[in-house]
Amino acid sequence: MVKYYVPQNLDDALKALKEGGYLPYAGGTDINTGGIKNRDLLFIGKLPELKEIRYDGQYIRIGAAVTYSEAEKNSLIPDIMKAAIHKVAGPAVRNAGTFGGNLANGSGKADSALVDIVLDAKILIRSADSERTVDAGSFYHGWKNVDLRPDELICEILIPKRDFQVNYFYDKVSVRSSIAISNISVASVWSIEGNRIKELAIGIGSATEYPMRCTDIEKQLIGKSLEEVENSRDEILAGYVTGLELQPDRTAADYRRQVCYRLLNYLVYEEFTPIRFE
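Source: prediction; values computed, not measured.

Calculation rules
- Every chain is numbered independently, its residues counted from 1 as its sequence is written.
- For this predicted model, a pLDDT threshold of at least 70 governs which residues receive local features, and a threshold of 80 or more governs which side-chain atom pairs are given and counted, while totals over whole chains, interfaces and linings are taken from all residues.
- The side-chain numbers reported here are obtained from all heavy atoms of the structure, hydrogens and water having been left aside.
- Only the contacting stretch of a helix is used when fitting its axis, a line to C-alpha atoms as for every element, and angles between N-to-C directions run 0 to 180 degrees.
- Only DSSP runs of H or I with at least four residues qualify as helices, and only runs of E with at least two residues qualify as strands; both kinds are numbered from the N terminus onward.
- An angle counts as roughly parallel when it lies under 35 degrees, as roughly antiparallel when it exceeds 145, as roughly perpendicular when it falls between 65 and 115, and as oblique in every other case.
- Crossing handedness: left-handed means the near helix sits turned counterclockwise from the far one by under a right angle, and right-handed means the same turn made clockwise.
- By definition, residues are in contact when any of their heavy atoms lie within 4.5 Å.
- Residue type decides the class: Asp, Glu, Lys and Arg count as charged, Ala, Val, Leu, Ile, Met, Phe, Trp, Tyr, Cys and Pro as nonpolar, and the leftover types, Gly among them, as polar.
- Strands qualify as paired when DSSP identifies two bridges or more between them.
- We define a nonpolar core as any set of buried Ala, Val, Leu, Ile, Met, Phe, Trp, Tyr and Cys residues linked to one another through side-chain atoms lying within 4.5 Å.
- Buried, partly exposed and exposed residues are distinguished by accessible area as a fraction of the type maximum, computed with a 1.4 Å probe on protein chains only: under 20%, between the cut-offs, and over 50%, respectively.
- Centre distance within 6.5 Å is the pairing criterion for rings of Phe, Tyr and Trp, where only the six-membered ring of Trp is used; planes under 30 degrees apart are then read as stacked, over 60 as edge-to-face, and the remainder as tilted.
- In this scheme, Lys NZ or Arg CZ marks a charge over a ring once it lies within 6 Å of the ring centre and within 35 degrees of the ring normal.
- N or O atoms closer than or at 3.5 Å make up a polar contact, with two conditions inside protein: a donor-capable atom paired with an acceptor-capable one, and, for residues adjacent in sequence, both atoms drawn from side chains.

**Student:** In this structure, what is going on with the packing of helix 3 (residues 79-86) against helix 6 (residues 111-118)? I would like to understand it.
**Tutor:** The geometry of a pair of packed helices is captured by two quantities: the angle between their axes and the separation between those axes. At a minimum axis separation of 9 Å, helix 3 and helix 6 run at an interaxial angle of 160°. The angle between helix 3 and helix 6 places the two elements in the roughly antiparallel class. Considering only the axes of helix 3 and helix 6, their crossing is right-handed. Contacts between helix 3 and helix 6 involve Ile80, Met81 and Ala84 on the former and, on the latter, Asp111, Ser112, Val115 and Asp116. Here the contact of helix 3 with helix 6 is built from residues that sort into four nonpolar, one polar and two charged.

**Student:** Which parts of the structure should I look at to understand the sheet that holds strand 12 (residues 184-193)?
**Tutor:** Strand pairing in a sheet relies on backbone hydrogen bonds. The paired strands run either parallel or antiparallel. What the four strands build is an open sheet, ordered 11-12-13-14; its pairing is antiparallel. Looking at the sheet topology across the chains shown, the edges are occupied by strand 11 (168-173) and strand 14 (212-213). The sheet contact formed by strand 12 and strand 13 (residues 196-205) spans nine bridges and is antiparallel. Bridge pairing in strand 13 links Ser188 to Ile202. Where helix 9 (residues 253-271) meets the sheet, its contacts fall on strand 11, strand 12 and strand 13, and the angle it forms with strand 12 comes to roughly 20°.

**Student:** Before we go on, may I ask you to explain the packing of helix 8 (residues 226-242) against helix 9 in this structure?
**Tutor:** Where helix 8 meets helix 9, the axes come as close as 10 Å, and the angle between the chain directions of the two elements is 155°. By the angle between their axes, helix 8 is roughly antiparallel relative to helix 9. Crossing hand, helix 8 versus helix 9: right-handed. For the pair formed by helix 8 and helix 9, the contact residues are Val229, Glu230, Arg233, Asp234, Leu237, Ala238, Tyr240, Val241 and Thr242 on the first element and Arg257, Cys260, Tyr261, Leu264, Asn265, Val268 and Tyr269 on the second.

**Student:** Can you walk me through the sheet that holds strand 3 (residues 40-43) in this structure?
**Tutor:** Pairing within the open sheet is parallel, and its three strands lie in the order 1-3-2. The sheet is open, and its two borders are formed by strand 1 (4-5) and strand 2 (22-25), each paired with just one other strand. Both strand 1 and strand 3 contribute to a ladder of two bridges, which runs parallel. Its bridge partner lying in strand 3, Tyr5 is registered against Leu42.

**Student:** Would you mind going over the nonpolar core with me for this structure?
**Tutor:** One broad trend across soluble globular proteins is that nonpolar side chains are buried collectively. By size, the foremost hydrophobic cluster in this structure holds 37 residues, and its most contacted members are Ile62, Phe99, Leu103, Val115, Phe139, Tyr140 and Ile159. Sorting the residues of this core by element identifies strand 5 (59-63), helix 2 (68-72), helix 3, helix 5 (99-104), helix 6, strand 6 (122-126), strand 10 (153-160) and strand 12 as the ones contributing at least two each. At five residues, helix 6 tops the list of elements feeding residues into this core. In contact with Phe139, other than residues within four places in its own chain, are Leu103, Ala104, Ile123, Ile125, Val134, Asn145, Val146, Asp147, Leu148 and Ile154.

**Student:** Got a minute to help me understand the packing of aromatic side chains in this structure?
**Tutor:** Enumeration over the complete set of coordinates arrives at seven aromatic pairs. Look at Phe139 and Tyr140: their rings are 5.8 Å apart centre to centre, the planes differ by 85°, and that puts the pair in the edge-to-face class. For the pair Phe139 and Tyr140, a shared accessibility class is recorded, and that class is buried. Ring geometry for Phe169 and Tyr266: centres 5.9 Å apart, planes at 35°, overall tilted. Taken together, the residues Phe169 in strand 11 and Tyr266 in helix 9 connect sequence positions 97 residues apart. Of the residues examined, Phe169 reaches a relative accessible area of 6% and is grouped as buried. Each member of the aromatic cluster is reached from another via a ring pair, and the members are Tyr4, Tyr25 and Phe43. Over the ring of Tyr55 we find Lys161; its NZ or CZ atom is 5.7 Å from the centre of that ring.

**Student:** Sorry, what's going on with helix 1 (residues 10-19) here?
**Tutor:** Along an α-helix, residues three or four apart share an orientation, since each turn contains 3.6 residues. The set of residues buried in helix 1 consists of Leu10, Asp12, Ala13, Leu14, Ala16 and Leu17. Among the structural elements, strand 1, strand 2, strand 3, strand 6 and strand 10 are those in contact with the buried residues of helix 1. Between the side-chain oxygen of the N-cap and the backbone nitrogen of Asp11 there are 3.3 Å, and the N-cap of helix 1 in question is Asn9. With its phi angle positive at about 95°, Gly20 sits one or two positions after the end of helix 1.

**Student:** Any chance you could explain the pairing of strand 3 here in plain terms?
**Tutor:** Where a strand is regular, its side chains alternate between the two sheet faces. The side-chain alternation of strand 3 yields two buried faces, one formed by Asp40 and Leu42 and the other by Leu41 and Phe43. Two strands pair when backbone bridges link them, and strand 2 and strand 3 are joined in this way by four bridges, in the parallel orientation. Across the sheet, Pro24 pairs through a bridge with Leu42, a residue of strand 3.

**Student:** Hey, could you run me through the environment of Ala16 in this one?
**Tutor:** Mapping Ala16 onto the fold places it in helix 1. Through-space distance from the C-alpha of Ala16 to that of Cys214 is 39 Å; in sequence the pair is 198 residues apart. Setting aside residues up to four positions removed in sequence, Ala16 forms contacts with Tyr5, Tyr22 and Leu42.

All we've got here are geometric facts, nothing functional implied.
Pasting the structure below:
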């Protein structure tokens, strides 16, 4: 018989995980019913310790059980994250889906996890006996393979407090305009100083086994003038997209490469290179 347990607090939940056998869940939007057969369930969706959004002077701390709808209404949440939330499925999923679940699911198509990686977020992970933080960018080891032991729980996502409001970009392409899993998604934040790119973070989702930073593109563009970016963007972007090892998907690889290139090209051409040449 499958057991269903609702802990009263976080310590109670961690104790249950230590005893073993429980599958923790909050919104349940990504639970594969075939994968939980005969698994005991641990509901953590209402734990107060996992429902906070706060600023501690260094990080915006998002509880793992905070839903997308809750975050979208909160003034602390960066605009780029709200842009991603707005494109997550439909209202029903946004009302139930959580930040911790989007990470723990281990999918390469995760929406908020991609933004976590681009914003250099950290993940606070706890067990009954220990606590640790992991960079969001190193949390994934492969498709459905994350740095999380069975006795551990994602508790918070820690986003460094910066000025995200000026320069950001998020978009995804899907087979439908809503309630759809992305074929390709791109997220980016950047700053420009003296007509040169000073800081830049770009990430892509749904292309490879997990959401990832485009570090090769970043290295080639940081420090360049906007004119230099304009003159070299096609070579840089085309070379990067051609070399991607795409995760198998229902859509054709050539199509996904084209979409990836077009989203990246739109970002570079339209968003942070306002110079136009006649």
